[in-house]
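Examination of the molecular architecture
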Amino acid sequence: MVGAALVGCQLWDQAGSLGAVIRPTTALGVAATTAAVAGWAAPALLRARVLRTAICPKLAGIGQLGHIALTFDDGPDPEGTPAVLDALDQLGWRATFFMLGAQVTRHPDVAAAVVAAGHEAAVHGFSHRNHLTRGPADVHRDVADAASAVLGATGARPNWFRPPYGVLTLASLRAARRVGLRPVLWTAWGRDWEAHNPARVADTVASHLRPGGTVLLHDSDCTARVTDSWRSTVQALPRLAALVDQWGCTVGPLRDHLARRPSPTDPAP
Ligand SMILES: [Zn+2]
């Protein structure tokens, strides 16, 4: 499977599109192509929370046990993001915001306000398209453009990457590595894009969250099923605080949650 995946990646690099790759003329070609495509898409299986928690805990956002990482996707949004920032300020929390490059380009001042308030900016891609439908060159360009947009608007170099829908492919992983980003998904989400129901958002988070976990919420309704979905998110935060207080955990961004990668400028151990 791994070999097939590598072959698949090379084919993708050369051809740049699935249509150019899938033209097998023999049964062996069909089998090889099927294996290559399966390997290329294999990381998408990690979207299954139970699977990634078991085999890739860092990718799932499992960090220090006395800490909860709080993350928001799909912003910045001129209404949702300031409301979330106000709510976080009242709780004394800082968080990581996985920004869309397209949203950053539209609202650079809002992106800058996130970092100015002490939060962490991260990359969610430029456009909110599933990587399973995109070729490797396209994915790399998307991730690189988003990282540039975030850096340009906030002045802060992002360290983390979360793909749209949490769907990773080999191309996603390669693009993140080339751009210098570390992929992180989540251990608990609130499904806050579905309906206006703060209690349900908080209960959904609580059903999977444990000390050391990472929470996924949204500060923008740009991909939500309901408008102003962030209102439920904001109202769910104090409920989440009550849960976390029971555990005695602190809440913060991913930079405080996961071990930092060694830097070339670090002193020798
Ligand atoms: Zn998203």
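Every value quoted in this text rests on a predicted model; they were computed, and no experiment measured them.

**Things to note about the packing of helix α5 (residues 80–91) against helix α7 (residues 108–116)**
- At a minimum axis separation of 10 Å, α5 and α7 run at an interaxial angle of 15°. By the angle between their axes, α5 is roughly parallel relative to α7. The handedness of the crossing between α5 and α7 is left-handed. Listed contacts from α7 to T81, P82 and L85 of α5 are V110, A113 and V114.
- Within the contact of α5 with α7, the residues separate by chemical class into 5 nonpolar, 1 polar and no charged.

**Focus: the coordination of the zinc ion**
- Those protein atoms acting as donors to the zinc ion are D74 (OD), H124 (NE2) and H128 (NE2), and they sit at 2.1 to 2.2 Å.
- Written as a sequence motif, the donor residues of the zinc ion are D-x49-H-x3-H. Within this pair, whereas D74 is found in the loop between β1 (67–73) and α5, its partner H128 is found in the loop between β3 (120–123) and α8 (136–154), the two being separated by 54 residues in sequence.
- On the accessibility criterion, H128 (18% relative accessible area) is buried.

**As for the pairing of β1**
- In terms of burial, β1 is a largely internal element, 7 of the 7 residues being buried.
- Taking every second residue as pointing to the same face, both faces of β1 are buried, with H67, A69, T71 and D73 on one and I68, L70 and F72 on the other.
- Relative to strand β7 (residues 214–218), β1 is paired through 5 bridges, and the arrangement is parallel. Its bridge partner being in β7, D73 is matched across the sheet by H218.
- Where β1 meets strand β2 (residues 96–99), 3 bridges bridge the pair, whose relative direction is parallel. When the sheet's bridge partners are listed, F72 is paired in β2 with F97.
- This β-α-β element, β1 to α5 to β2, shows right-handed connectivity.

Cut-offs and rules
Residues numbered from 1 in each chain as written. Predicted model: local features only at pLDDT ≥ 70, side-chain atom pairs only at ≥ 80, totals over all residues. Heavy atoms only, no water. Axes fitted to C-alpha atoms, helices over the stretch in contact; angles between N-to-C directions. Helix = DSSP H or I, 4+ residues; strand = E, 2+ residues; numbered from the N terminus. Parallel < 35°, antiparallel > 145°, perpendicular 65-115°, else oblique. Left-handed = near helix turned anticlockwise from the far one by under 90°. Contact = heavy atoms within 4.5 Å. Nonpolar A, V, L, I, M, F, W, Y, C, P; charged D, E, K, R; others polar. Donors = N, O, S within 2.8 Å, 3.2 Å for Na, K, Ca; no water. Buried < 20%, exposed > 50% of the residue type's maximum accessible area, 1.4 Å probe, protein only. Pairing = 2+ DSSP bridges. Right-handed = clockwise from strand over helix to strand, strands pointing away.

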